[in-house]
Amino acid sequence: MRIDILTIFPGMCMPIIEESIIKRAREKGKVRILMHNLRDYSSDKHKKVDDRPFGGGSGMVMTPQPIFEAVEALVRQGNVESAKRRVVLLTPQGTRLDQKRIKRFTKYKQLILICGRYEGVDERVRTSLVDDEISIGDYVLTGGELPAMVFVDCLVRLLPGVLGDKNSLKFESFEGNLLEYPHYTRPAAFRGLEVPNLLLSGDHSHIEAWRKEQALKRTKRKRPDLLKQ
Ligand code: ADE
């Protein structure tokens, strides 16, 4: 998969893709992540990418020209059939990201992520260029860079061959609309706090049943909304 990130602050994103699992996924060739500075596509002599809103009002709006030209150039570079490509705008107005939605994005060959800034982007970007508008939650960040990194992080770990252990995906939170069961490691007793005996028993069918029950209990307590879905 190729992921293109269009931003006026590439420096905000670089540290995230240069560490840990994302870094290894890139090195193993499981994903290509390409950072693009939107200003490089501006035809303005001062490389401006924003302007005052028509009709007045506060704040600035990102102009359509650099965004359209950047996306068109990246589409040409990517050279994948349009059904295998999505242009995604990170915006608080978008559909809320969750595990189901991020999974759907794993089937594409190219994703172009647009990080919005200022008061927003010119509406023509939304209506004529963007396939999906994605929000990472009902709060407003200063821009789409952190949301794009959240998107990339939860996407890349789902790509085939990125996480070594397939089971770690099968049993994680939100799988089957359940939160994960409790985990324990050594020591078996820590400051008088003991690990449930059953986990030390080696009885795998009982352990599995206990974990299922625990996952259900904690989902009921912490996130009853998940069980209603
Ligand atoms: N840009 C600003 N806030 C955002 C959010 N919550 N989700 C996605 N993009 C954003």
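No experiment lies behind these values; they were computed from the predicted model shown. (Residues numbered from 1 in each chain as written. Predicted model: local features only at pLDDT ≥ 70, side-chain atom pairs only at ≥ 80, totals over all residues. Heavy atoms only, no water.)

Student: Mind showing me how you'd approach the pattern of salt bridges here?
Tutor: Pairing is possible between side chains that carry opposite charge, provided their charged atoms lie close to one another. In total, this model carries 13 salt bridges according to the counting rule given. In this structure, Glu 145 and Arg 117 form a salt bridge, with 3.0 Å as the shortest nitrogen-oxygen distance. Here Glu 145 is found in helix α6 (residues 145-156), whereas its partner Arg 117 is found in the loop between β6 (110-115) and β7 (120-121), with 28 residues between them in sequence. For Glu 145, a relative accessible area of 0% translates into the label buried. Judged by its relative accessible area of 11%, Arg 117 is buried. The residue Asp 122 makes a salt bridge to Arg 124 at a minimum N-O spacing of 2.7 Å. You can call Asp 122 buried: its relative accessible area is 15%. Assessed through its relative accessible area of 47%, Arg 124 is described here as partly exposed. A single network of salt bridges, built from pairs that share partners, joins Glu 123, Arg 126 and Glu 133. (Salt bridge = Lys/Arg side-chain N within 4 Å of Asp/Glu carboxyl O. Helix = DSSP H or I, 4+ residues; strand = E, 2+ residues; numbered from the N terminus. Buried < 20%, exposed > 50% of the residue type's maximum accessible area, 1.4 Å probe, protein only.)

Student: Would you mind going over the sheet that holds β6 with me for this structure?
Tutor: Adjacent strands of a sheet pair through backbone hydrogen bonds, lying either parallel or antiparallel. Pairing within the open sheet is parallel, and its five strands lie in the order β2-β1-β6-β5-β8. Single-partner strands in this sheet number two, and they are β2 (32-37) and β8 (132-135). Taken pair by pair, the neighbouring strands of this sheet meet at an average axis angle of 30°, ignoring direction. Two strands pair when backbone bridges link them, and strand β5 (residues 85-96) and β6 are joined in this way by six bridges, in the parallel orientation. The residue bridging Arg 85 from the neighbouring strand is Gln 110, located in β6. (Pairing = 2+ DSSP bridges. Axes fitted to C-alpha atoms, helices over the stretch in contact; angles between N-to-C directions.)

Student: It is not clear to me how the environment of Gly 29 should be interpreted in this structure. Could you clarify?
Tutor: Looking at where Gly 29 falls in the secondary structure, it is placed in the loop between α2 (20-27) and β2. Owing to a relative accessible area of 60%, Gly 29 belongs among the exposed residues under this scheme. Considered as a pair, Gly 29 and Lys 45 are 16 residues apart in the sequence and their alpha carbons are 38 Å apart.

Student: What is the right way to read the sheet that holds β7 from this model?
Tutor: Spatially, β3-β4-β7 is the arrangement adopted by the three strands of the open sheet, whose pairing is mixed. Of all strands in the sheet, those bounded by a partner on one side alone are β3 (50-51) and β7.

Student: How do you make sense of the state of the cysteines when you look at a structure like this?
Tutor: Here a disulfide denotes a covalent bond joining the sulfur atom of one cysteine to the sulfur atom of another. This model, assessed by the stated rule, comprises zero disulfides. With no disulfide partner, Cys 13 has as its closest neighbouring cysteine sulfur the one in Cys 115, 5.2 Å distant. Lacking any disulfide linkage, Cys 154 is separated from the closest cysteine sulfur, that of Cys 115, by 14 Å. On the accessibility criterion, Cys 154 (17% relative accessible area) is buried. (Disulfide = S-S within 2.5 Å.)

Student: Sorry if this is basic, but what is going on with the site of the ligand here?
Tutor: Around the ligand sit Leu 90, Thr 91, Pro 92, Ile 134, Ser 135, Ile 136, Gly 137, Tyr 139, Val 140, Leu 141, Gly 143 and Pro 147, and those are all the residues in its vicinity. Contact between the ligand and Tyr 139: a nitrogen atom at 2.8 Å from a main-chain N or O atom of the residue. Within the contact set of the ligand, a nitrogen atom lies 3.0 Å away from a backbone nitrogen or oxygen of Leu 141. Surface burial for the ligand is 96%, taken as the share of its 260 Å² of free accessible area covered by protein chains. (Near = heavy atom within 4 Å. Polar contact = N/O pair within 3.5 Å; in protein donor to acceptor, adjacent residues only side chain to side chain. Areas by Shrake-Rupley, 256 points an atom, 1.4 Å probe, with all protein chains shown as cover.)

Student: Before we go on, may I ask you to explain α6 in this structure?
Tutor: Three or four residues apart is the spacing at which side chains of an α-helix point the same way, because the helix has 3.6 residues per turn. For α6, built from twelve residues, the straight-helix expectation of 16 Å at 1.5 Å per residue is met to within 8% by its first-to-last C-alpha distance of 16 Å. Inspection of α6 places Glu 145, Pro 147, Ala 148, Met 149, Phe 151, Val 152, Cys 154, Leu 155 and Val 156 among the buried residues, and these make up the whole buried set. (Expected span 1.5 Å × (residues − 1).)

Student: Explain the packing of helix α1 (residues 10-17) against α6 here, please?
Tutor: When two helices pack together, their arrangement is captured by the angle between the axes and the distance separating the axes. Packing of α1 against α6 brings their axes to within 9 Å, and their N-to-C directions diverge by 25°. When the axis of α1 is compared with that of α6, the two are roughly parallel. Where α1 crosses over α6, the handedness of that crossing is right-handed. On the side of α1, the interface is formed by Met 12, Cys 13, Ile 16 and Ile 17, while α6 contributes Glu 145, Leu 146 and Met 149. Per-class residue counts for the contact of α1 with α6 are six nonpolar, no polar and one charged. (Parallel < 35°, antiparallel > 145°, perpendicular 65-115°, else oblique. Left-handed = near helix turned anticlockwise from the far one by under 90°. Contact = heavy atoms within 4.5 Å. Nonpolar A, V, L, I, M, F, W, Y, C, P; charged D, E, K, R; others polar.)

Student: Looking at this structure, how should I read a nonpolar patch on the surface?
Tutor: Together, Phe 9, Met 12, Tyr 139, Leu 141 and Leu 146 make up a nonpolar patch on the protein surface, roughly 430 Å² of accessible area in all. Mapped onto the elements of the fold, Met 12 is located in helix α1. Look at Met 12 and you get partly exposed, because its relative accessible area is 33%. (Patch = residues over 30% accessible without salt bridge, like charges linked within 9 Å, V, L, I, M, F, W, Y side chains within 5 Å.)

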